[in-house]
Amino acid sequence: MTRKFNFSAGPAALPDEVLLEAQQNLSDWQGKGLSIMEMSHRSDEFVAVAEQAEQDLRDLMSIPENYRVLFLQGGATSQFAMLPMNLLRGKSSADYVNTGIWSKKAIAEAKRYCSVNIAASTESDHFMRAPDQSEIKVNPESAYLHYTSNETIGGVEFDYIPEVQLPLVVDMSSDILSRPLDVSRFGLIYAGAQKNIGPAGLTVVIVREDLLGQTVAGTPTMYDYQVQAEGGSMHNTPPTFAWYLSGLVFQWLKRQGGVEAMAELNQRKASKLYSAIDQSEFFANPIAKNSRSIMNIPFTLADASLEKTFLLESEAAGLLNLQGHRSVGGMRASIYNAVPEAAVDALIAFMADFEKRYG
Ligand SMILES: *Cc1c(COP(=O)(O)O)cnc(C)c1O
């Protein structure tokens, strides 16, 4: 097996160990004579896998008893609509913080269901930072405040949890499980799996129980959190393989020492890469220091005409998927939990060599 270093923003790198374990069990899962993919989602075997995954996630994130964990489909993008459908609870407005491309998409979708108050925006600063707590001005009549803890494309991450008098809702698609989190501060946390959890096709929602059961009229049954909670996320056939594989990732995370150990490693990986960028005249990252993402690190080259060469050569050196998002260009290294420190070291060495040759 030759595994290269994968800096993809998503679907992103998975731990080698997890892929091997899945491979060893692929056609004959635990001696049952069939694959986990071929089993009924209601079989004792799969239900045990599903419950174990939930328990492991609860352990990793210390999720309190009064929160339900849902394993859904439709990606984080479907949550942009499910949120207002489920959480407006008779109110006509919701608050949103605008920090970049993903928050904008969440805002645009919410506007189809309610009026949106922009509680804070850093657009006038070209989204180069997260807003300070003091800049967040909520409408007390709103149903909730939504923010994006890590803007995956811009590389902007909150270094604090906003303190507001509304239920707090967060899109944590690209930084869930990257560090310890006080779940009790939130009304709802959601994340598409394909960044820091597992394969695409699964969306995790962690929601405080008292917010359930007041959907707007006409909400599709599948989009009702309450229905999904009552049905154990099996109102219909769930994405069984993605759920199973995510469960293997949760167990892997526990073996690594949990989110505390991950936070330390992630901090070290990000600090190294940022200091390599900052110390060079050739590479640059424009984000305010206290808002720099530890998961997604965009950077530019002093001479943008060298981007193609950089990508070709990095790929040839076994460093994959460093191109920035199609909407912004430049480079981006996504260094999620499953990206080893050795990958970051290899990237830094490649960048130094590239600068020596072309800088
Ligand atoms: C990737 C991403 C999304 C979109 O996720 P899908 O699962 O493709 O719908 C939304 N928000 C953030 C922060 C993301 O990183």
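Residues numbered from 1 in each chain as written. Predicted model: local features only at pLDDT ≥ 70, side-chain atom pairs only at ≥ 80, totals over all residues. Heavy atoms only, no water.

**Overview of the overall build of the protein chain**
Here is step 1: Counting secondary structure elements, the protein chain contains 9 helices and 14 strands.
Here is step 2: Taking 21 Å as the expected radius of gyration for a compact globule of 359 residues, we find that the protein chain reaches 21 Å, a close match to that expectation.
Here is step 3: Seen through its principal axes, the protein chain has C-alpha atoms that stretch 60 × 55 × 30 Å.
Here is step 4: When burial is assessed residue by residue, the protein chain has 54% of its 359 residues classed as buried.
Here is step 5: Working note: accessible area of the protein chain is about 15,200 Å², and carbon and sulfur atoms make up 49% of it. (Helix = DSSP H or I, 4+ residues; strand = E, 2+ residues; numbered from the N terminus. Rg over C-alpha atoms; globule rule 2.2 N^0.38 Å. Buried < 20%, exposed > 50% of the residue type's maximum accessible area, 1.4 Å probe, protein only. Areas by Shrake-Rupley, 256 points an atom, 1.4 Å probe, with all protein chains shown as cover.)

**Re the sheet that holds strand 4 (residues 115-121)**
Here is step 1: The sheet built from 7 strands is open, its strands ordered 2-10-9-8-5-3-4 with mixed pairing. Two strands lie at the open edges of the sheet, namely strand 2 (67-72) and strand 4, each paired on one side alone. Ignoring strand direction, the axes of neighbouring strands in this sheet form an average angle of 20°.
Here is step 2: In the sheet, strand 8 (residues 168-171) pairs with strand 9 (residues 188-192) via 3 bridges, with the strands oriented parallel. If you follow valine 169 over to strand 9, its bridge partner there is leucine 188.
Here is step 3: Here helix 2 (residues 44-61) sits on the sheet in contact with strand 2 and strand 10 (203-208), set at roughly 130° to strand 2.
Here is step 4: On top of the sheet, helix 3 (residues 75-87) reaches strand 2, strand 3 (93-98), strand 5 (145-148), strand 8, strand 9 and strand 10; it is set at about 155° to strand 9, its chief contact. (Pairing = 2+ DSSP bridges. Axes fitted to C-alpha atoms, helices over the stretch in contact; angles between N-to-C directions. Contact = heavy atoms within 4.5 Å.)

**Let's talk about the site of the ligand**
Here is step 1: Taken together, 13 residues lie near the ligand, and Thr77, Thr152, Asp171, Gln194 and Lys195 sit nearest.
Here is step 2: One nitrogen or oxygen atom from the main chain of alanine 76 is found 3.1 Å from an oxygen atom belonging to the ligand.
Here is step 3: In isolation the ligand offers 390 Å² of accessible surface; the protein chains occlude 86% of this area.
Here is step 4: Of all the cavities here, the one that holds the ligand is the largest pocket.
Here is step 5: Here the shell around the ligand is composed, by residue class, of 3 nonpolar, 8 polar and 2 charged. (Near = heavy atom within 4 Å. Polar contact = N/O pair within 3.5 Å; in protein donor to acceptor, adjacent residues only side chain to side chain. 1 Å grid on protein atoms, 1.4 Å probe; cavity = no way out; pocket = protein on both sides within 12 Å on 5 of 7 lines; lining within 4 Å. Sits in = over half its atoms within 2 Å of the grid points. Nonpolar A, V, L, I, M, F, W, Y, C, P; charged D, E, K, R; others polar.)

**A closer look at the packing of aromatic side chains**
Here is step 1: Summed over all chains, the structure comprises 16 aromatic pairs.
Here is step 2: Measuring from centroid to centroid gives 5.8 Å for tyrosine 96 and tyrosine 144, while their planes differ by 70°, and the two rings are edge-to-face. Here tyrosine 96 is found in strand 3, whereas its partner tyrosine 144 is found in the loop between strand 4 and strand 5, with 48 residues between them in sequence.
Here is step 3: Seen from their ring centres, phenylalanine 282 and phenylalanine 283 are 5.0 Å apart, and the 90° between their planes marks the pair as edge-to-face. Grouping residues by exposure puts phenylalanine 282 and phenylalanine 283 together as buried.
Here is step 4: Each residue in the set Phe282, Phe283, Phe299, Phe310, Phe350, Phe354 and Tyr358 is aromatic and connected to the rest through ring pairs, giving one cluster. (Phe/Tyr/Trp six-rings, centres within 6.5 Å; stacked < 30°, edge-to-face > 60°.)

**Some details on the nonpolar core**
Here is step 1: Residues Leu177, Ile206 and Tyr244 are the most contacted members of the largest nonpolar core, which totals 57 residues.
Here is step 2: Counting residues per element, this core draws most heavily on helix 6 (residues 240-256), which supplies 9 residues.
Here is step 3: For this core, the two domains that each supply at least three residues are domain 1 (16-255) and domain 2 (258-358).
Here is step 4: For isoleucine 206, the contacting residues outside a window of four places in its chain are Met61, Ile63, Tyr67, Arg68, Val69, Val183, Gly187, Leu188 and Ile189.
Here is step 5: Counting residues in each nonpolar core, the second largest holds 32 residues, with Ile294, Ala338, Ile348 and Phe350 among its members. (Core = buried A, V, L, I, M, F, W, Y, C linked by side-chain atoms within 4.5 Å. Domains from an automatic or database assignment.)

**A word on the environment of arginine 268**
Here is step 1: Considering the arrangement of structural elements, one finds arginine 268 in helix 7 (residues 258-279).
Here is step 2: Sequence separation between arginine 268 and isoleucine 294 is 26 residues; the distance between their C-alpha atoms is 9.0 Å.

**Observations regarding the sheet that holds strand 14 (residues 331-334)**
Here is step 1: Within the open sheet, the 3 strands sit side by side as 11-12-14. Their pairing is antiparallel. Across the chains shown, the open sheet's two edge strands, defined by having one partner strand only, are strand 11 (283-284) and strand 14.
Here is step 2: Sheet analysis places strand 12 (residues 296-301) next to strand 14, joined by 4 bridges and oriented antiparallel. Across the sheet, the residue bridging to proline 298 is arginine 332, located in strand 14.

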